[in-house]
Amino acid sequence: MKIVEKGQGLPLALETVGGLLQSKSSVSEWEGVLRSNIWDLPIEDSKIIPALLLSYYHLPSHLKRCFAYCALFPKDHEFKKETLILMWMAENFLQCSQQSKSPEEIGEQYFNDLLSRSFFQHSSGSLKSCFVMHDLLNDLAKYFCGEIC
């Protein structure tokens, strides 16, 4: 309940923190999220919600790289999962230590991990097979990678 209070009732913030917490199995890990200094950061000019920053910081590095790459997309840009995975493949973002998985399978796993953490959403537009990033998550990607991309 204390984490919910920190999220200030914002659905996107609570959804992404929920995605983060589903991978944390111990009480001490949840308490670590609750005590994080990120909650106290001022939003100021960046308008990045602390809960979103926290969710990003707790991503594994391979997912951070793939998510930040999406700073290339303008707000409300619809994209297909398969196309994004091919773009990640072209950038050599899909590293596989298991020889039994193809790059496409690794990309699918990365994409599904980001989707389950609410970094991507199904599009409500005309193409139901497409995905989008919420405007605030697009801002987050640009915050971390905008100048590079």
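Scroll up to find the structure.
Read on for an overview of the structure. (Residues numbered from 1 in each chain as written. Predicted model: local features only at pLDDT ≥ 70, side-chain atom pairs only at ≥ 80, totals over all residues. Heavy atoms only, no water.)

Some remarks on the packing of aromatic side chains
In total, this model carries 11 aromatic pairs according to the counting rule given. Note on Y69 and F93: the rings are 5.5 Å apart at their centroids and 85 degrees apart in plane angle, and the pair reads as edge-to-face. Taken together, the residues Y69 in helix 5 (residues 61-69) and F93 in the loop between helix 6 (81-90) and helix 7 (103-116) connect sequence positions 24 residues apart. The class for F93 is buried, based on a relative accessible area of 13%. With centroids separated by 4.9 Å and ring planes inclined at 25 degrees, the aromatic side chains of F111 and F120 adopt a geometry described as stacked. (Phe/Tyr/Trp six-rings, centres within 6.5 Å; stacked < 30°, edge-to-face > 60°. Helix = DSSP H or I, 4+ residues; strand = E, 2+ residues; numbered from the N terminus. Buried < 20%, exposed > 50% of the residue type's maximum accessible area, 1.4 Å probe, protein only.)

Considerations on unusual backbone geometry
Unlike most non-glycine residues, D76 shows phi in positive territory, near 65 degrees. Among the secondary structure elements, D76 is positioned in the loop between helix 5 and strand 1 (79-80).

Description of the pattern of salt bridges
Evaluation of the coordinates by the stated rule reveals 2 salt bridges. In this structure, D139 and K75 form a salt bridge, with 2.8 Å as the shortest nitrogen-oxygen distance. Note that D139 is positioned in helix 8 (residues 135-145) and K75 in the loop between helix 5 and strand 1, a separation of 64 residues in sequence. The class for K75 is partly exposed, based on a relative accessible area of 40%. The residue E108 makes a salt bridge to K81 at a minimum N-O spacing of 2.9 Å. Here E108 is found in helix 7, whereas its partner K81 is found in helix 6, with 27 residues between them in sequence. On the accessibility criterion, K81 (15% relative accessible area) is buried. (Salt bridge = Lys/Arg side-chain N within 4 Å of Asp/Glu carboxyl O.)

Description of the nonpolar core
Among the nonpolar cores identified, the biggest contains 34 residues, and F67, L84, W88, L114 and F120 are the most heavily contacted of them. Looking at this core, the element that brings in the most residues is helix 5, giving 5 residues. Here W88 is in contact with C66, Y69, F93, L94, G107, Y110, F111, L114 and F120, once residues within four sequence places are set aside. (Core = buried A, V, L, I, M, F, W, Y, C linked by side-chain atoms within 4.5 Å. Contact = heavy atoms within 4.5 Å.)

Some remarks on the packing of helix 5 against helix 7
Between helix 5 and helix 7, the least distance of the axes is 10 Å, while the angle of their chain directions is 80 degrees. The angle between helix 5 and helix 7 places the two elements in the roughly perpendicular class. Of the residues in helix 7, those in contact with H62, L63, C66 and F67 of helix 5 are Y110, D113 and L114. (Axes fitted to C-alpha atoms, helices over the stretch in contact; angles between N-to-C directions. Parallel < 35°, antiparallel > 145°, perpendicular 65-115°, else oblique.)

Examining the packing of helix 4 (residues 50-57) against helix 8
Packing of helix 4 against helix 8 brings their axes to within 11 Å, and their N-to-C directions diverge by 60 degrees. Looking at the two axes, helix 4 sits oblique to helix 8. For the crossing formed where helix 4 meets helix 8, the hand is right-handed. Residues L52, L53, Y56 and Y57 of helix 4 touch helix 8, and the partners they reach there are L136, L137, L140, Y143 and F144. (Left-handed = near helix turned anticlockwise from the far one by under 90°.)

Re helix 8
Here helix 8 has its buried residues at L137, N138, L140, A141 and C145. End-on view of helix 8: buried residues confined to an arc of 155 degrees, all on one side of the axis. (Arc of directions from axis to C-beta.)

Considerations on the environment of S129
Within the element layout of this structure, S129 appears in the loop between strand 2 (121-122) and strand 3 (130-132). Since its relative accessible area comes to 43%, S129 is described here as partly exposed. Separated by 51 residues in the primary sequence, S129 and E78 place their C-alpha atoms 9.4 Å from one another. At 3.3 Å, the side chain of S129 forms a polar contact with the side chain of K80. (Polar contact = N/O pair within 3.5 Å; in protein donor to acceptor, adjacent residues only side chain to side chain.)

This is a description of form; function is not addressed.
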